[in-house]
Amino acid sequence: GNVGVIGVISNVIVDDVGPDVQWLQPPPVLTNASDVSFSVIGIGESVSGFVSGFHVVMSSLSSQEVMWSEFVDANGSDSAVVTVSGLLSGVYNVSVIGVDGLGNVGVAGVWLLVTVDHDAPTSTFGAVSRYMNSSEMTIPVSGSDSQSSYVLYYRLDGGDWMVVDGDVIVLSSLIDGH
């Protein structure tokens, strides 16, 4: 009989590498807002040709508890804008990894620490005598803020605001009766 040869030629491309991620606009490292927005872009060679989206996780730095986790669709582009709302005061680890159209998860994501501070600093001024017989006065001061740094200011008799240098205010050349 007749012998037939059926030939099949096929090209198979294997893609098992996910996209890397870079910040387009990173989140602020310190904010007093309850909402934090940022944007990311997927980069690198991908056989599938596009970034499907980004897996975004925001966790508390102190407890490691995941506060927000979501897959953010890239909607046909290689980038996405992310907004996380309702954040309380604290330090958060924001991490983002890319996912391509075949479901490959990128290895080289991005992360950043974000401090949200809704609380004003506190300050304490030490007791001073109402009456004194010296032209110099030293006032002990202290301050604290649980989430960020602070600067203490003082002013005398409605004058200019001055920065407290250290943990005392030293007033000199005080005039009799003032």
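To be clear, the structure that these remarks concern was listed above.
Computed from a predicted model, the values in this text were never measured in an experiment.

Draft legend 1. Focus on the overall build of the chain. Counting its regular elements, the chain contains zero helices and 13 strands. Expected size for 178 residues packed as a compact globule is a radius of gyration near 16 Å; at 30 Å, the chain overshoots this value by more than 25%. A total of 178 residues make up the chain; the buried ones form 28% of that total. In the chain, the proportion of contacts linking residues at least 24 apart, taken out of those at least 6 apart, comes to 59%. If you sum the accessible surface of the chain, you get close to 11800 Å²; carbon and sulfur atoms cover 53% of it.

Draft legend 2. Highlighting the sheet that holds strand β7 (residues 90–100). Pairing is mixed across the open sheet formed by five strands, whose spatial order is β2-β8-β7-β4-β5. The two strands at the open ends of the sheet, each matched to only one other strand, are β2 (30–31) and β5 (66–73). In the sheet, β7 pairs with strand β8 (residues 110–116) via seven bridges, with the strands oriented antiparallel. Within β8, the position partnered with G90 by the bridge is V116.

Draft legend 3. View of the nonpolar core. Counting residues in each nonpolar core, the largest one holds 21 residues, and the members touching the most others are F38, F54, V56 and V96. Going through the elements one at a time, β3 (36–43), β4 (51–60), β5, β6 (79–84), β7 and β8 are the ones with two or more residues in this core. Among the elements that make up this core, the one with the highest residue count is β4 (four residues). If near-sequence neighbours (up to four positions away) are discounted, V56 is found in contact with F38, W68, S69, E70, V72, V82, S95 and V96. Of all hydrophobic cores here, the second largest spans eight residues; its members include M137, Y154, I169 and L171.

About the cut-offs
- Residues numbered from 1 in each chain as written.
- Predicted model: local features only at pLDDT ≥ 70, side-chain atom pairs only at ≥ 80, totals over all residues.
- Heavy atoms only, no water.
- Helix = DSSP H or I, 4+ residues; strand = E, 2+ residues; numbered from the N terminus.
- Rg over C-alpha atoms; globule rule 2.2 N^0.38 Å.
- Buried < 20%, exposed > 50% of the residue type's maximum accessible area, 1.4 Å probe, protein only.
- Contact = heavy atoms within 4.5 Å.
- Areas by Shrake-Rupley, 256 points an atom, 1.4 Å probe, with all protein chains shown as cover.
- Pairing = 2+ DSSP bridges.
- Core = buried A, V, L, I, M, F, W, Y, C linked by side-chain atoms within 4.5 Å.

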